[in-house]
Amino acid sequence: MVVWLPGNPQTSHCSLPLPYPTNYKTSSTRPEQRERKREKMGETVGNRISVSEEIINRAASQAMRAHNSGGRPFILDKPRGLSVAIFAFAGSWLPDDWFTHPPFGETTMDTSTFPSLRSVGNDEVAVVNASFLRRFKAIIDQLSLEKEVQKVVVDKKQVLFTGHSWGAAMAILATLYFLEKGGPNQNPPRCITFGSPLVGDRIFGHAVRREKWSDRFIHFVMRFDIIPRIMLCPASIEHQQILNHFNPRSEFYGKPIDPHLAFYLKVMGSASSVATHDACNLMGCTNPLLENLRNFVELSPYRPFGTFIFCTGNGKLVVVKNPNAVLQMLFYTAQLTQEEAAEIAQRSLYEHLVYDNEVQESLGTQNVVYLDSLEELPLTSDSGPAIVNAALNDLGLSTEARLCLRAAGGLENRRLRNQAKIDDNQQKMKEELSKLRGYQEKGETLGLGYYDAFKSQEEKADFDANVSRLVLAGIWDEIIEMLRRSELPDEFENREELIELGTLYRRLVEPLDIANYYRNLKNEDTGTYMTRGRPKRYRYAQRWLEHAEKKPSGWRSESCFWAEVEELCSIKTGSNNGPLQDTKKQKIQQLQKRLIEWIHDGCLGKDVVLEGSTFVKWWKTLPSEYRSEPESSMIANLIHG
């Protein structure tokens, strides 16, 4: 049986009449009961996420209010007595604002606006919903948002972006936009969403976690709400029907949807494919058939990120941070039996519009479970801590679901163990680098740069240096392979000590790799070092430093100095003005400028300008028109100085 209840604008921001399942449970705990539960549960949600319950409730209220507002892209709320300014984004049910093209409407992220949303080492750009990105850029272009945010920053108030449904996607992108622009002394913005669709792919979430922004995003999700799962399903005619159902400007607004069950099953079927594929990866499945599946089944690129707070519907909250676990929960918490299928499908629409009431009730009871130790979750409903089990049962998590959550926790712990293994190897790496530093300094005292000494391989010290080079190559290649297979924590590439160690390694050891490459004439068979011979370990380390310094790609190429010299040496200079000579002339003059900068910054040692070095011998043969001033005079002073 389904009862239809008209919305009451005095008690709810939603005036849309929707089907209300008769067995839907809402919290009715009295204030004194709430206080006793708070004492029993200990840490509150507000304490855990560093946002007070009062602000969360205010954000939910404003998000629902903005969702139904017309004309303005956002509303600004500055509550009295609270040091926060809430920017709540309006909603949209226009199909073009959700999907631009089938199957999933994705596009690569605009890295000029969001430079951090990429995988640094792997050099892959994140994927985002094209419609969301297009509409957010239109909001930014109006300038009013930036002006209002700047006023709030000047007033020393916390900026909080919020939104419900489509507005939540705008809130996410706004938060990322201002995190990218934030200054060192500026309080970073926060984001709280309600019923948000998924916005970006795995790399999108990876980048947010790498930048340590993940805790800035809090997502409330009702157990059966269809919208947080809708991006897991390819665009179809059913999507437009659902959007029209929610759209106040549509002739189908609020009318019963005959195929709502078919749409729900379609979305959950797609969610099943995505969750199953990812679960197999979590559990270490290496069957090639798993990847072949992608050739026959269209899998959504979208993945969750941030902290998710699942509302059970009866006053409990379940908090999850692990993104792989969240994906599994988006699938398993919305399972249904044949008997309850129609009711659950209708409930998936209704729940999308009751966040303000449900969040307020749940925050009042503070009946909260934090799924921090996923590998320790009970597998059956009658084992483990009673509080945890009750919450998992309320979310309908089966033994199979709990196994998937355990697998997600297992992957997270394996990544941490791999990082610990690398940390244990750091001392060995530093010892080998110290040996090579001594080798470099000894060469300078003898008047022979270590690049040329290593290339000649005439002394035992050259042999010992080669051993250290190979030992370090093995360690770093293992690190790069772990990164390529996503077997390290997302924050790994942004660790200051890793960037410093990688930079020292690259500057000290890559010249030896270049010397070995050209000593063995690999350039004749394979091609130049820069185009065909450069190992990934150096490319990754260079990208880490460039990202940390917010420099463009190729800016920190000082460790490739000798490769550029070798390449230029192979091109004969001539008196003609052909394109090849013009290009070489530009490269030589550019190299001279960068050489002065690199030596001045300490990126290159002065051994490169020793009288007998390959560089100096080559440089002295250059015609005068190939030398640029004042760099040429400065190089001459370094050589004779």
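Here the structure is shown first, and the text comes after it.
Here the structure is a predicted model, which is why all the values come from computation and not from measurement.

Caption draft 1: Representation of the sheet that holds strand S9 (residues 158-164) in the model. On the basis of which strands lie adjacent, the open sheet formed by eight strands has the order S3-S4-S9-S10-S11-S12-S13-S14 and mixed pairing. The open sheet has two edge strands, strand S3 (74-77) and strand S14 (367-370), and neither has a second partner. In this sheet, neighbouring strand axes are inclined to one another by 20 degrees on average, regardless of whether the strands run parallel or antiparallel. Note that S3 and strand S4 (residues 84-89) share four bridges and pair antiparallel. Note that in S4 the partner of Ile75 across the bridge is Ala88. Sitting on the sheet, helix H3 (residues 53-67) is in contact with S3, S4, S9, strand S10 (190-194) and strand S11 (217-222), with an inclination near 30 degrees to S4.

Caption draft 2: Local environment of empty space enclosed by the protein. Overall, the coordinates contain three cavities of 30 Å³ or more when judged by the stated rule. The calculated volume of the largest cavity comes to roughly 90 Å³. In this structure, the largest cavity is lined by 13 residues; those nearest its centre are Ser196, Pro197, Leu198, His219 and Phe308.

Caption draft 3: Examining the packing of aromatic side chains more closely. Across all of its chains, the model carries 27 aromatic pairs by this definition. Ring geometry for Phe331 and Tyr332: centres 4.7 Å apart, planes at 65 degrees, overall edge-to-face. Judged by relative accessible area, which is 9%, Phe331 ranks as buried. A relative accessible area of 8% means that Tyr332 is categorised as buried.

Caption draft 4: Geometry of the pairing of strand S13 (residues 316-320). Counting buried residues in S13 gives five out of five residues, a clear majority hidden from the surface. Two strands pair when backbone bridges link them, and strand S12 (residues 307-311) and S13 are joined in this way by four bridges, in the antiparallel orientation. Bridged to Phe308 within S13 is Val320. Linkage of S12 to S13, two consecutive antiparallel strands, is achieved through a turn of four residues, within which Gly313 is found at a positive phi near 100 degrees.

Caption draft 5: Broad picture of the pattern of salt bridges. Inspection of the entire model under this criterion finds 34 salt bridges. One salt bridge connects Lys316 with Asp394, and the closest N-O pair in it is separated by 2.6 Å. Residue Lys316 is located in strand S13, and its partner Asp394 is located in helix H15 (residues 386-394); the two are separated by 78 residues in the primary sequence. Residue Lys316 is classed as buried on the basis of its relative accessible area of 16%. Judged by relative accessible area, Asp394 falls into the partly exposed class, the value being 22%. Across the pair Glu481 and Arg484 runs a salt bridge whose closest N-O atoms are separated by 2.5 Å. A residue pair is termed a helical-turn pair when its members lie 3 or 4 positions apart in one helix, as Glu481 and Arg484 do in helix H18 (residues 460-484) at three residues.

Caption draft 6: Representation of the packing of H18 against helix H22 (residues 536-548) within the structure. Where H18 meets H22, the closest approach of the two axes is 9 Å, and the angle between their N-to-C directions is 70 degrees. The pairing of H18 with H22 is recorded here as roughly perpendicular in orientation. Helix-helix and strand crossings are classified by hand; for H18 and H22 the assignment is left-handed. Of the residues in H22, those in contact with Ala473, Trp476, Asp477, Ile480, Leu483 and Arg484 of H18 are Lys536, Arg537, Tyr540 and Trp544. Taken together, the residues that form the contact of H18 with H22 break down as six nonpolar, no polar and four charged.

Caption draft 7: Focus on unusual backbone geometry. With an omega of 0 degrees, the peptide bond running from Pro102 to Pro103 counts as cis. The residue Pro103 is located in the loop between S4 and strand S5 (106-108) in this model.

Conventions we followed
Each chain has its residues counted from 1, running along the sequence as written. For this predicted model, a pLDDT threshold of at least 70 governs which residues receive local features, and a threshold of 80 or more governs which side-chain atom pairs are given and counted, while totals over whole chains, interfaces and linings are taken from all residues. Each side-chain value is worked out from all heavy atoms of the structure, with water and hydrogens disregarded. Being paired, for any two strands, means DSSP has found at least two bridges between them. Strands here mean DSSP runs of E at least two residues long; helices mean DSSP runs of H or I at least four residues long; both are numbered from the N terminus. Note on geometry: axes are lines fitted to C-alpha atoms, helical ones only across the stretch in contact, with angles between N-to-C directions running from 0 to 180 degrees. We call two residues in contact when some of their heavy atoms are within 4.5 Å. Think of a 1 Å grid over the protein atoms and nothing else: a 1.4 Å probe that fits but is trapped marks a cavity, an open set flanked by protein within 12 Å on at least five of seven lines marks a pocket, and residues with an atom within 4 Å of a point count as lining. Grid points are joined across faces, edges and corners, and a volume is the space filled by probe spheres set on the points. For Phe, Tyr and Trp, where Trp contributes only its six-membered ring, two rings pair if their centres lie within 6.5 Å, and the inter-plane angle classes them as stacked under 30 degrees, edge-to-face over 60, or tilted in between. Note on exposure labels: buried denotes an accessible area under 20% of the residue type's maximum, exposed denotes more than 50%, and partly exposed covers the range between, all computed with a 1.4 Å probe on protein chains only. For salt bridges, the criterion is a side-chain nitrogen of Lys or Arg within 4 Å of an Asp or Glu carboxyl oxygen. Our angle categories are set so that under 35 degrees counts as roughly parallel, over 145 as roughly antiparallel, 65 to 115 as roughly perpendicular, and the remainder as oblique. By definition, any crossing whose near helix is turned counterclockwise from its far helix by less than a right angle is left-handed, and any crossing with a clockwise turn is right-handed. Each residue gets one label: Ala, Val, Leu, Ile, Met, Phe, Trp, Tyr, Cys and Pro are nonpolar, Asp, Glu, Lys and Arg are charged, and the others, such as Gly, are polar.

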